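Structure at a glance
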Amino acid sequence: MSADTRPLISVRDLKVHFPVYGGILRHQVGAVKAVDGVSFDLAPGKVLGLVGESGSGKTTVGRAIANLLRATSPDVHLEGTISLDTPSGVVDVNGLSRKAMMPHRSAVQMIFQDPYSSLNPRMTVQGLIQRPLDLHTDLTDAEKLDRVRALLGRVGLQPEYANRYPHEFSGGQRQRIGIARALATQPSLIIADEPVSALDVSVQAQVINLMLELKEEFSLAYLFVAHDLSVVYHISDRIAVMYLGNIVELGDADQVYRNARHPYSRALLSAVPVADPRHDTSGRIQLEGDIPTPMAKPSGCGFRTRCPIAREECSLDIPILTDCGEGHLVACPFHDEAFGVGATPAREGNQRDS
Amino acid sequence: MTDVTNKAAAETVLEVRDLHTCFDIEGESAWAVSGVSFDVHADEFLGIVGESGSGKSVTALSIMRLIPDPPGKIARGEIHFGGRDLLSLDYREMHKVRGREIAMIFQEPMTSLNPVFTIGMQVAETLRHHEEISAAEARARAVEVLTQVGIPDAAKRLDDYPHQFSGGMRQRVMIAMALICRPRILIADEPTTALDVTIQAQILDLMKELLASRRGSSVILITHDLAVVAETCQRVIVMYGGKTQEIADIEDLFDDPRHPYTRGLLDSIPTEQNKGKPLHAIPGNVPGILSFPAGCKYCTRCPEVIERCKIDGPPLVEVAPGHHVRCHLVEDQGAEGSP
Amino acid sequence: MSAYFLRRLLLLIPTFLGITMLVFTVTRFVPGGPIEQMVMKMQMSSTGGEGGSGSGDMATSVELPSAVLAELEKAYHFDKPIHQAYLLWLADLVTLNLGKSYKYNIPVHELIFSRFPVSIYFGLIGFTLAYLVCIPLGVLKAIRHGGVFDFASSATVFIGYSIPGWALGGILLVLFGGGSFWDLVPLGDFRSANWEELSTWGKVTDQLHHTLLPVLAYAVGSFATLTVLMKNSLMENLGQDYVRTAFAKGLPERRVIMLHALRNSLIPICTGLGHAISLIMAGSYLIEKVFNIDGIGYLGYTSIIERDYAVVMGILVINTFLILLGNILSDVLYVLVDPRIRFS
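Below is a short write-up of the structure. Bear in mind that the values here come from a model prediction, so they are computed numbers and not experimental data.

With that settled, consider the overall build of chain A. In terms of regular secondary structure, chain A is built from 10 helices and 12 strands. Burial analysis of chain A (354 residues in total) assigns 54% to the buried set. Restricting to contacts in chain A with at least 6 residues of sequence separation, those with at least 24 account for 65%. If you sum the accessible surface of chain A, you get close to 15000 Å²; carbon and sulfur atoms cover 50% of it. Taking the 35 positively charged and 41 negatively charged side chains of chain A as two groups, their mean positions are separated by 5 Å.

What follows deals with the overall build of chain B. Looking only at helices and strands, chain B features 13 helices and 12 strands. Overall, chain B is about 65 × 50 × 50 Å in size when its C-alpha atoms are taken along their principal axes. In chain B, which comprises 339 residues, the proportion classed as buried is 60%. A fraction of 63% describes how many contacts in chain B between residues 6 or more apart in sequence connect residues 24 or more apart. Surface exposure of chain B reaches about 12800 Å², of which carbon and sulfur atoms provide 50%. Across chain B, the centroid of the 34 positively charged side chains sits 3 Å from that of the 48 negatively charged ones.

Let's shift gears to helix α11 (residues 260–267) of chain B. Burial runs high along α11 of chain B: 7 of the 8 residues are buried. Here α11 of chain B has its buried residues at Pro 260, Tyr 261, Thr 262, Gly 264, Leu 265, Leu 266 and Asp 267 of chain B. Considering only its buried residues, α11 of chain B is in contact with α7 (201–218) of chain A together with α9 (226–232), β9 (235–240), β10 (243–249) and α10 (250–255) of chain B.

Here we come to the interface of chain A and chain B. With 45 residues of chain A at the interface, the matching set in chain B holds 44 residues. Overall, the association of chain A and chain B removes approximately 4100 Å² of surface from exposure, summing both partners, and the carbon and sulfur fraction of that is 50%. In this structure, the connection of chain A to chain B is made through 4 salt bridges. With its nearest N and O atoms 3.9 Å apart, the salt bridge here joins Arg 284 of chain A to Asp 205 of chain B. Our enumeration of links across chain A and chain B arrives at 19 residue pairs in polar contact (both at pLDDT 80 or more). Secondary structure elements with two or more residues in the side of chain A that touches chain B: α6 (171–183), α7, α8 (229–235), α9 (253–258) and α10 (263–271) of chain A. Counting residues per element, the side of chain A that touches chain B draws most heavily on α7 of chain A, which supplies 8 residues. Here the residues of the side of chain A that touches chain B are counted per class, giving 16 nonpolar, 17 polar and 12 charged.

By a frequent convention, interface size equals the accessible area lost on bringing the separate parts together. Each side of the interface is counted separately: chain C has 5 residues, and chain A has 5 residues. Between chain C and chain A lies a buried interface of about 420 Å² when both sides are counted; carbon and sulfur atoms form 63% of it. Here chain C and chain A share 0 salt bridges between them. Applying the counting criterion to the chain C and chain A interface returns 0 residue pairs in polar contact (both at pLDDT 80 or more).

As a further point, take the sheet that holds strand β5 (residues 89–92) of chain A. Residue and element names in this part refer to chain A. The sheet built from 4 strands is open, its strands ordered β2-β1-β4-β5 with antiparallel pairing. Pairing within the sheet leaves two strands with one partner each, and these edge strands are β2 (27–42) and β5. For this sheet, the mean inter-axis angle between neighbouring strands, taken without regard to orientation, is 20°. As defined by bridge partners, strand β1 (residues 9–22) adjoins strand β4 (residues 77–86) across 7 bridges and the pair is classed as antiparallel. Paired with Arg 12 across the two strands is Thr 81, which belongs to β4. Helix α1 (residues 58–65) contacts β1, β2 and β4 of the sheet and is inclined by roughly 110° relative to β1.

With that out of the way, let us pick up the sheet that holds strand β11 (residues 317–320) of chain B. Residue and element names in this part refer to chain B. If you walk across this open sheet you meet the 8 strands as β6-β7-β8-β3-β9-β10-β12-β11, and the pairing is mixed. Each edge of the sheet is formed by a strand with only one pairing partner; in this case those strands are β6 (102–105) and β11. Adjacent strand axes in the sheet meet at a mean angle of 20° when their direction is disregarded. Two elements, β6 and strand β7 (residues 185–189), share 4 bridges in a ladder whose sense is parallel. Opposite Ile 102, over in β7, you have Ile 185 as the bridge partner.

With 106 residues, the main nonpolar core has Leu 14, Phe 38, Ile 63, Leu 86, Ile 102 and Ile 187 of chain B as its most contacted residues. When residues of this core are assigned to their parent elements, the largest contribution, 8 residues, is made by helix α7 (residues 167–179) of chain B. For Leu 14 of chain B, the residues in contact, after removing those within four places along its chain, are Phe 38, Asp 39, Val 40, Ile 63, Ile 79, His 80, Phe 81, Leu 86, Ile 102, Ile 185 and Ile 220 of chain B. Counting 69 residues, the second-largest nonpolar core is a separate cluster that includes Val 47, Leu 128, Val 196 and Cys 332 of chain A.

Before going further, it helps to examine the packing of helix α4 (residues 119–130) of chain B against helix α5 (residues 135–148) of chain B. Residue and element names in this part refer to chain B. One way to put it is that α4 packs onto α5 with a least axis distance of 9 Å and a crossing angle of 110°. The orientation of α4 with respect to α5, classified from their angle, is roughly perpendicular. For the element pair α4 and α5, the recorded crossing hand is right-handed. Two secondary-structure elements touch here, α4 through Ile 119, Val 123, Ala 124, Leu 127 and Arg 128 and α5 through Ala 135, Ala 138, Arg 141, Ala 142, Val 145 and Leu 146. Considering only residue class, the contact of α4 with α5 consists of 9 nonpolar, no polar and 2 charged.

Let's shift gears to the side chain of His 335 of chain A. Mapped onto the elements, His 335 of chain A comes out in the segment after β12 (329–330). Beyond its immediate sequence surroundings of up to four residues, His 335 of chain A is in contact with Arg 261, Arg 266, Cys 324 and Val 330 of chain A.

Cut-offs used in this document
- Counting of residues starts from 1 at the beginning of each chain's written sequence and follows it residue by residue.
- Throughout, the order in which chains and ligands are written sets their labels, letters from A for the former and numbers from 1 for the latter.
- Per-residue local features of the predicted model are confined to residues with pLDDT of at least 70, and side-chain atom pairs are confined, for both listing and counting, to 80 or more; whole-chain, interface and lining totals are unaffected and use all residues.
- The basis for every side-chain value is the complete set of non-hydrogen atoms in the structure, without hydrogens or water.
- The secondary structure listing takes helices from DSSP runs of H or I that are at least 4 residues long and strands from runs of E that are at least 2 residues long, numbered from the N terminus.
- Each residue is placed in one exposure class: buried if its accessible area under a 1.4 Å probe, protein chains only, is under 20% of its type's maximum, exposed if it is over 50%, and partly exposed if it falls in between.
- In this description, contact between two residues means that some pair of their heavy atoms is separated by no more than 4.5 Å.
- Computed with a 1.4 Å probe, the accessible areas rest on the Shrake-Rupley method; for each residue, only the protein chains presented here act as cover.
- Just so you know, the count uses Lys and Arg for positive and Asp and Glu for negative, and it drops His and the chain ends.
- Charge placement uses NZ in Lys and CZ in Arg. For Asp and Glu, CG and CD serve respectively.
- Defined in terms of a 1.4 Å probe, buried area is the accessible area two parts forfeit on being brought together, summed over both.
- Any carboxyl oxygen of Asp or Glu within 4 Å of a side-chain nitrogen of Lys or Arg constitutes a salt bridge here.
- The definition of a polar contact used here is a pair of N or O atoms within 3.5 Å, where within protein one atom must be able to donate a hydrogen and the other to accept one, and adjacent residues in sequence count solely through side-chain atom pairs.
- Each residue is assigned to one class: nonpolar for Ala, Val, Leu, Ile, Met, Phe, Trp, Tyr, Cys and Pro, charged for Asp, Glu, Lys and Arg, and polar for all the others, Gly among them.
- Here, a strand pair is defined by DSSP locating no fewer than two bridges between the strands.
- A fitted line through C-alpha atoms represents every axis, and for helices the fit uses only the stretch in contact; the resulting angles, taken between N-to-C directions, go from 0 to 180 degrees.
- As used in this record, nonpolar core signifies buried Ala, Val, Leu, Ile, Met, Phe, Trp, Tyr and Cys residues forming a set joined through side-chain atoms within 4.5 Å.
- Roughly parallel means an angle under 35 degrees; roughly antiparallel means over 145; roughly perpendicular covers 65 to 115; every other angle is labelled oblique.
- Crossing chirality is assigned from the near helix's rotation relative to the far helix, an anticlockwise turn below a right angle marking it left-handed and a clockwise turn marking it right-handed.

If you want it as structure tokens, here you go:
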């Protein structure tokens, strides 16, 4: 790869297992395989959408990249590499200690789902946004003050709000504060974990617009973790679909959204309600039952217990991501086979012109 | 279902008239619902759409008379159902309506079931409370209705506790519990918001099937998600700031949204055509419940606002048969009509 | 789950060893140990049993025969290094031999078991009374939250909470016992001296008369915590989603509160029962002293003052076991009352 297309972040065979203890001597009796061998690249200034249902491991991938897992579960078992392209060369940040991560922390920032609990209620907006500046820069107090005000202005809040507390703001405004805080250290990558799903519908679009503007302005890359596929499609350059700790499909946004190949992606897409009363749902692929627990994954393909085209071979090996044309990767050897009705899930629904 | 004759013939099972519900917040009256009127027809899947503070859930809880008092209070209005005004019933009469004639399910299937009782007990409890029925019979009916809502091996799972079920399965149990007395109306308050999309699709399909199989019953679906409404409902009420802003058949609403707020909501949904481009966002934030403006509740965010909007609130006007809008801009186009 | 409880039981051993080792070590180094006490006792008896201020001077003049001293040291294992002595004590314990009280000169277990019934009697009655009063009171307070009743009952239980039990006991005795004000109850003791001669009815009323004030003194401090715990627990549960569901089913308020919400809010109350066994049996030195009751609390206190180490260690062993078992019992109760809890 030439230098200018070098990925900003390159994840290889990432595994995140949370040990489960039991028995008389509290020895390890199993593991929650939240992420079980995930690989992908993310180019600078691009957006990768990570979709999947609860329990798919999408949030854990984001936290592993931000190196936040050790803080909450010290005995987590991490494998694989997360190569981050920094000004001082490529660094594997997977499982780095707090101290070793420090110089790279400013490059990767997070935006969280719940704007109500992710801001310390006892700190003013000034304090919240200034905190990363205290840690990662040696700006003077006056410079920090200016910077915070500039950031507030940039995310669409009045700079005078700097001395207020989080509870004085609405959900959308708090998410803007969260974005300003993430921007403070001038990161190259922002991991956005369900950033709009807790917001009112009429405010979601504002935040999405803001994120798109900021991406252009600061050449940011996003790892956009969400369950709302239409939002993910709107903002993403590439989309990865996760199921039970594995990526089952990865490709350009259009490839995945308009021409999904993996039976799970198809089912997921066809289940998304479409804001068009005439949209035909007869081609919907109804999945039976629930996602299995990541503690007791089915052998072979994790999806086979709910898959409408599952066969005996599926229980043997874990299918690997294979190129089915133009870099569109699918982890299902039988993806060519028709589903019966509605072989391609209809996506004609969302065509309301605005 | 959209032609006019059908609509006129539709039997009305529930009439909400001029409903006002307020909450006492630190000494101030917050009008969560102020003057809401609408009908629910037989065999109808009716959607109520709105954001936080729109009053959609409070409307539903007011119909059930489940507003916590204090701090809440139904201040005014009438709710006609089965020849009675629900708001004038005494508590004992209301207990007979709840669960038996009007049932309700809630957003959080994880916390809406009592964790220390078996699901068999909880499902049968509704029935045993409303009907003279033996414990054994009630259990048999519980198995029957749990099977109907798609709980595999229902007979074996009667003695399981809620935590032994997944979120989707718990919502099915909630539906079973609500339907066991065959109520005329099921109110579903954000029933799928906490669930994954594949499970959401299952639950919405189940509700549609159940409605189709029970003649004369209706569902009121309360949601913030226009796509969910488009998929399930025949008629929609759009609420904002404690008032109904637009009431229309589902296709009319999506084809010809007349209220600027409805248009704003529809325009802000990402579509395939505008991928990567700025969305048509509604400016500003949903005001806090105490800070909605006088006049039109939407006037602080409306791109088409005129002076009049800030002074007096527009009435609900019928702009086409069955299509009602509360906006000064459309007022001249139709005569004032009752919903 | 059985693995969990097995592990908890096994963990008893190191905890138990740690506590006894600590106290054992302390007893070895605190001055005025049993040998010194014994010496003093012998000196007193050698001077005709007259204690008092003069005995100090005599102490220097009387020598304990070295053979007797050696025998004493041997009995207390003072002739061995501390770790060996501890192991020997432990070995005795394994054979359920707690040693002999030097003061009463009877086996320690007999001594302790002779005092237990009195303490258990007051402990159990006080404890039952607390639960019988506090649960309904807490429920009522939750239902009438913010009302006059809620306020007045809070004031009452918190006044009770702020008064030490022995002080209340003293005040009550002055008011109702003896006759300075009202002569309603006896001044103390577990029973009247002539109890054996009373009729059955007389025995019952006599016992009740002697029970009333000590029980109040025992229980007064626990009223506030238990009542407030009950109230808060019920209030919290009344705000839960499943309560709204129960109302939506058409259940009357009574059933929603008394069945659905109460069943859940009793969970923290029930699990507290496990910890209560040690409290029931521990007695209270000060209250027993005020009412002149010969219970375990009083025994424990005097044995420490008089360096009756065999008794001290004996009570410690039993109390430690009760506390540790109480913790496990709490976990067992948790599993029994809350179907969600499965320890692993």
